[in-house]
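If you want the building blocks of each chain, they are given just below.
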Amino acid sequence: MTYPQATRDIVSALNNAGAAPQRHLELTDGRALAHWRNHHGEAYYERPRHHALSIYTRGGEQTSRQHNGRAVSHGFPGATCLFPAGSRSHWRIDGPFEFVHFYFTDRDLARCMAQTWDREPATVTLEERYQVNDDVLAHAGQLLELSDWQAPSQPQAMDHLAQWLLVQITGRYSTADLVEPVVKGRFARRQQRSLEERIEQSLNEPLDLATMAGWVHLSPYHFARLFRASFGMAPYQYVQERRLQRARALLRRPHDKITAIALECGFGDGSQFSRAFRKRFGVSPSHYRAVSG
């Protein structure tokens with residue numbers, strides 16, 4: 001499992017503390033998710049050059065933040081921590097627990113502020129939060145733990161979740177006085193048709209949320225909500241469905257290789273395509289081709 005250590009200082013600190021990485025997923029623009037497990041040791045976060053959100057998913061009662069040699073807080077399942085860039089903290093782990101991390105940068109915060117609230121990015125500073133109770137983020141942690149990060153549609157789904165997490169973090173834990181924007185209405189029919197056509201033309205490309213939002217000059221946050229209201233599903237779900245429908249149609253052409261069809265429809269490889277196709281239609285691509293030909 002490879003991490004870009006030069007830009008993930010907290011990853012280095014966790015490795016030094018004996019934490020075991022369980023899963024890792026690189027997202028767009030340098031953001032990343034990681035699932036960790038630890039049971040004993042001490043971790044020192046010394047002015048990381050990036051931000052990190054941590055959500056405990058299992059255990060944590062025997063994990064404490066230390067200050068001047070004593071415990072000043074303890075964890076619990078669902079506990080949330082926010083480590084801004086440049087922060088310092090010392091942790092002692094005396095029992096097993098698991099947690100997920102979301103890594104992001106100042107650039108992500110600035111983009112989120114400008115696009116979601118139309119505010120000057122310089123007004124945003126994140127506040128340190130350690131082992132606090134946040135039901136909304138705790139639920140996001142549960143979703144992350146239960147999700148199959150290797151499923152074919154997961155990179156797009158996780159990118160969607162990462163955009164939502166940035167809005168939550170900026171709105172809840174920054175020094176700016178922000179209220180989560182309310183998004184009402186739907187796309188105009190002309191916009192919806194244009195999106196349908198653009199997506200169909202781009203199914204072989206990696207369609208992340210920010211790219212699609214840019215087509216209609218919206219923030220990812222606003223775009224995702226208008227899209228769900230207009231199409232009845234999240235953008236990543238719609239894209240996955242269109243890819244699978246196109247692939248099913250192409251499988252009726254007997255001379256096209258299945259791996260070529262997978263790539264043409266935006267799947268990373270044949271095995272990823274096969275898993276997604278079987279889950280959606282109940283049969284493998286090769287079996288579908290055999291019975292439909």
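Residues numbered from 1 in each chain as written. Predicted model: local features only at pLDDT ≥ 70, side-chain atom pairs only at ≥ 80, totals over all residues. Heavy atoms only, no water.

1. Observations concerning helix H2 (residues 106-117)
Next up, step 1: Its twelve residues give H2 an end-to-end C-alpha distance of 16 Å, which sits within 8% of 16 Å, the value for a rise of 1.5 Å per residue.
Next up, step 2: Here H2 has its buried residues at Asp 108, Leu 109, Cys 112, Met 113, Thr 116 and Trp 117. Looking down the long axis of H2, one finds its buried residues gathered within 130° of arc, a one-sided arrangement.
Next up, step 3: Tucked inside the fold, the buried residues of H2 contact strand S4 (51-59), strand S9 (97-104), helix H4 (154-173) and helix H7 (220-231).
Next up, step 4: Looking at the residues trailing H2, positive phi occurs at Asp 118, about 55°. (Helix = DSSP H or I, 4+ residues; strand = E, 2+ residues; numbered from the N terminus. Expected span 1.5 Å × (residues − 1). Buried < 20%, exposed > 50% of the residue type's maximum accessible area, 1.4 Å probe, protein only. Arc of directions from axis to C-beta. Contact = heavy atoms within 4.5 Å.)

2. Description of the environment of Asn 133
Next up, step 1: Inspection of the secondary structure puts Asn 133 in strand S10 (residues 129-133).
Next up, step 2: Spatially, the C-alpha atom of Asn 133 lies 57 Å from that of His 255, the residues being 122 residues apart in sequence.

3. Regarding the sheet that holds S4
Next up, step 1: Overall, antiparallel pairing links the six strands, which are arranged S1-S2-S9-S4-S7-S10 in an open sheet. Unpaired on one side and paired on the other, strand S1 (20-26) and S10 mark the two borders of the sheet. Within the sheet, the average angular offset between the axes of one strand and its neighbour, ignoring direction, is 20°.
Next up, step 2: Bridge analysis of S1 against strand S2 (residues 32-38) gives six bridges, and the strand direction is antiparallel. Across the sheet, residue Ala 20 finds its bridge partner in S2, namely Arg 37. (Pairing = 2+ DSSP bridges. Axes fitted to C-alpha atoms, helices over the stretch in contact; angles between N-to-C directions.)

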